[in-house]
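# Reading the structure
The lines below spell out each chain.
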Amino acid sequence: MNLKKTLLLIVLLLVAFWAGAQDQSYADCLMKTASRWGAPCEKCEYYKEMYKRDHSGTYQIDLQNSCSDMIEVKVAMQEENGNWRTFPIKALGPRETMTAFACKGTGKYMYWVRKVNDTEIILPSDQEILSEYRSR
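From a predicted model like this one, the values you see are computed outputs, not experimental measurements.

Here, the word disulfide means a covalent bond between the sulfur atoms of two cysteines. Inspection of every chain in the model, using the stated rule, returns two disulfides. In this model, Cys29 is linked to Cys67 through a disulfide, with the two sulfur atoms separated by 2.0 Å. Looking along the S-S bond of the Cys29-Cys67 disulfide, the torsion reads about -85°, which is the left-handed sense. Of this pair, Cys29 sits in the loop between α1 (2–22) and β1 (30–37) while Cys67 is found in the loop between β4 (59–65) and β5 (71–79), placing the two residues 38 residues apart along the sequence. Looking at Cys67, the relative accessible area reads 17%, which means it is buried. The side chain of Cys44 participates in a disulfide bridge whose partner is Cys103; the two sulfur atoms lie 2.1 Å from each other. Handedness here is read from the sign of the S-S torsion; for Cys44 and Cys103, about -85°, the answer is left-handed.

Right under this line is the structure:
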């Protein structure tokens, strides 16, 4: 009888572990690996005297998928005027990285993550981000 109880306990623990793995938050898969102030950014076109490009306010971050599953990521970076620069949804494979930027950044950023093809989690649209998080 003791062997049956032990086997039943092991089976229940395995089922509980498997069920918990299904509830993984994929937001934990995305890690900031680097951030930079003032780094050159091709898409930021601010100029100072003598038509020299000014990147002093540019804020960039590198994000990496640290999980073994493919994920989809939506990123928004805050500009100093309170608006959010949004980026299209990007699929990242394991260990793959992406860079996001704000030309006149505040250092604030947000991201939303889901497993690829997860239809239960809906990533926000650009319009939802711009209206919901205005001046936050």
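Structure shown, so let's carry the discussion forward.
In this structure the tally under the stated criterion is four salt bridges. One salt bridge connects Asp62 with Arg36, and the closest N-O pair in it is separated by 2.9 Å. With a gap of 26 residues between them, Asp62 in strand β4 and Arg36 in strand β1 connect regions that are remote in the sequence. By relative accessible area, which is 16% here, Asp62 ends up buried.

The buried fraction of β5 amounts to nine of the nine residues, a majority that puts the element mostly inside the structure. Burial of β5 is two-sided: the residues Ile71, Val73, Val75, Met77 and Glu79 facing one way and the residues Glu72, Lys74, Ala76 and Gln78 facing the other way are all buried. Note that β5 and strand β7 (residues 90–92) share three bridges and pair antiparallel. Paired with Val73 across the bridge in β7 is Lys90. Linking β5 back to strand β6 (residues 84–86) in an antiparallel pair, the connection comprises four residues, with Gly82 at a positive phi of about 95°.

The next point concerns the confidence of the model for the protein. Summing up the model confidence of the protein, the mean pLDDT is 85 and the portion of residues at 70 or higher is 87%. Confidence, read as mean pLDDT per element, is least for α1 in the protein (64) and greatest for β4 (96).

Note: strands within a sheet are paired through backbone hydrogen bonds, in either parallel or antiparallel orientation. Strand order in the open sheet formed by three strands is β1-β4-β8, with antiparallel pairing between adjacent strands. Every interior strand has two partners, whereas the edge strands, β1 and β8 (97–102), have only one. Pairwise comparison of adjacent strand axes, ignoring direction, gives a mean angle of 20° for this sheet. Bridging between β1 and β4 involves seven bridges; their strand directions are antiparallel. When the sheet's bridge partners are listed, Lys32 is paired in β4 with Leu63.

Centre distance and the angle of the planes are the two values used to describe a pair of aromatic rings. Inspection of the entire model under this criterion finds four aromatic pairs. Judged by centre distance (6.4 Å) and plane angle (20°), the rings of Tyr109 and Tyr111 are stacked. With a centroid separation of 5.9 Å and 55° between ring planes, the pair formed by Trp112 and Tyr133 is classed as tilted. Here Trp112 is found in strand β9 (residues 105–115), whereas its partner Tyr133 is found in the segment after α2 (126–132), with 21 residues between them in sequence.

Definitions and limits used
- Residues numbered from 1 in each chain as written.
- Predicted model: local features only at pLDDT ≥ 70, side-chain atom pairs only at ≥ 80, totals over all residues.
- Heavy atoms only, no water.
- Disulfide = S-S within 2.5 Å.
- Helix = DSSP H or I, 4+ residues; strand = E, 2+ residues; numbered from the N terminus.
- Buried < 20%, exposed > 50% of the residue type's maximum accessible area, 1.4 Å probe, protein only.
- Salt bridge = Lys/Arg side-chain N within 4 Å of Asp/Glu carboxyl O.
- Pairing = 2+ DSSP bridges.
- pLDDT = per-residue confidence, 0-100.
- Axes fitted to C-alpha atoms, helices over the stretch in contact; angles between N-to-C directions.
- Phe/Tyr/Trp six-rings, centres within 6.5 Å; stacked < 30°, edge-to-face > 60°.

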